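Listed below, chain by chain, are the residues.
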Amino acid sequence: NDDWLASSHSANKAVCCAENSTGAEFHKGIKTLIRSNDTILIKTYYSAFTQTNLHQILQSKQVKTLYIAGVCSHVCVLATVCDAFFLNYNVIVISDCIAASTAAKHQKGLELMEKYYSKCLQTSDLLNLCKISLLPPTPHVSNQLSINSNSSSSFKGFSLNTAAAHNYNNNR
């Protein structure tokens, strides 16, 4: 099967992102952005909302809009975007901050997200919105959420920093 991630919820599959393994670590560029008061959520399923308290954390911070970045556009990112949409969040996918194992899988994931569940913006578009004051220029760090995927024995994929959420409404 070419799509090893989508078929990896099986006891017969090897684990690629076991907790405390190299594959489950934050990238060194992301590590430098994490602050002591940031919330780090460990996820073990495709969606960052499945069997986590992410929704409760976001509700407690009154977050309404999620800015999504991560890997496996067509699997983990898509699953998180779908769940966020059905939980009534405004979902914006930062399209040049997501990726997949192939260009075709990435494109299919983007198409599905944009058609049904989210708006897709490139980083430059988002930064331009900040410059013209539709969004504040700097997010409030304590409302930033970083999601690191560590896997269970039946999960063979990872989605680093799948969702970064900023409660911009509280900063206006």
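Residues numbered from 1 in each chain as written. Predicted model: local features only at pLDDT ≥ 70, side-chain atom pairs only at ≥ 80, totals over all residues. Heavy atoms only, no water.

(A) Local environment of the overall build of the protein chain. A tally of helices and strands in the protein chain yields five helices and six strands. Helices and strands appear in the protein chain in the N-to-C order α-β-α-β-α-β-α-β-α-β-β. Taken over 172 residues, the protein chain has a buried fraction of 44%. Accessible area for the protein chain stands at about 9100 Å²; split by element, carbon and sulfur atoms hold 53% of it. (Helix = DSSP H or I, 4+ residues; strand = E, 2+ residues; numbered from the N terminus. Buried < 20%, exposed > 50% of the residue type's maximum accessible area, 1.4 Å probe, protein only. Areas by Shrake-Rupley, 256 points an atom, 1.4 Å probe, with all protein chains shown as cover.)

(B) Spatial organisation of helix α3 (residues 73–86). Spanning 14 residues, α3 covers 18 Å between terminal C-alpha atoms, matching the ideal 20 Å at 1.5 Å per step. Looking only at α3, the buried set comprises Ser73, His74, Val75, Cys76, Val77, Leu78, Thr80, Val81, Cys82 and Ala84. Positive backbone phi, at 70°, marks Asn88, one or two positions downstream of α3. (Expected span 1.5 Å × (residues − 1).)

(C) Main features of the environment of Thr32. The topology assignment puts Thr32 in the loop between α1 (28–31) and β1 (39–43). Here Gly29 takes part through its backbone oxygen, which lies 2.9 Å from a polar atom of the side chain of Thr32. (Polar contact = N/O pair within 3.5 Å; in protein donor to acceptor, adjacent residues only side chain to side chain.)

(D) Broad picture of the nonpolar core. Counting residues in hydrophobic clusters, the biggest one holds 20 residues, and the most contacted among them are Leu66 and Val93. Breaking this core down by element, the ones donating at least two residues are α2 (54–60), β2 (65–71), α3, β3 (90–99) and α4 (103–117). The element that contributes the greatest number of residues to this core is α3, accounting for five residues. Residues Tyr67, Ile92, Ile94 and Leu121 belong to the second largest nonpolar core, which totals five residues. (Core = buried A, V, L, I, M, F, W, Y, C linked by side-chain atoms within 4.5 Å.)

(E) How the structure looks around the packing of aromatic side chains. Evaluated as defined, the whole model comprises five aromatic pairs. Measuring from centroid to centroid gives 5.8 Å for Phe86 and Tyr117, while their planes differ by 70°, and the two rings are edge-to-face. Taken together, the residues Phe86 in helix α3 and Tyr117 in helix α4 connect sequence positions 31 residues apart. A relative accessible area of 57% means that Phe86 is categorised as exposed. Centroid distance Tyr116 to Tyr117: 5.9 Å. Interplanar angle 55°. Geometry classified as tilted. (Phe/Tyr/Trp six-rings, centres within 6.5 Å; stacked < 30°, edge-to-face > 60°.)

(F) Seen up close, the pairing of β3. Alignment of β2 against β3, held across six bridges, turns out to be parallel. Across the sheet, the residue bridging to Val71 is Ala99, located in β3. Regarding topology, α3 serves as the crossover connection from β2 to the parallel β3, and that connection is right-handed. Sheet topology note: the β3/strand β4 (residues 119–121) ladder contains three bridges and is parallel. Residue pairing across strands places Val93 opposite Cys120, the latter belonging to β4. For the crossover from β3 across α4 to β4, the handedness is right-handed. (Pairing = 2+ DSSP bridges. Right-handed = clockwise from strand over helix to strand, strands pointing away.)

(G) Molecular detail of the environment of Asn53. By the element assignment, Asn53 lies in the loop between β1 and α2. Expressed as a C-alpha distance, the spacing of Asn53 and Lys43, which sit ten residues apart in the sequence, is 9.8 Å.

(H) Broad picture of the confidence of the model for the protein chain. In this model, the protein chain carries an average pLDDT of 74, and 66% of its residues clear a pLDDT of 70 or more. Note that pLDDT drops below 50 for residues 4–8; the model gives that stretch 21 contacts with residues more than four away or on any other chain. Counting interchain partners and residues more than four positions distant, the pLDDT-below-50 stretch residues 137–172 has 146 contacts. (pLDDT = per-residue confidence, 0-100. Contact = heavy atoms within 4.5 Å.)

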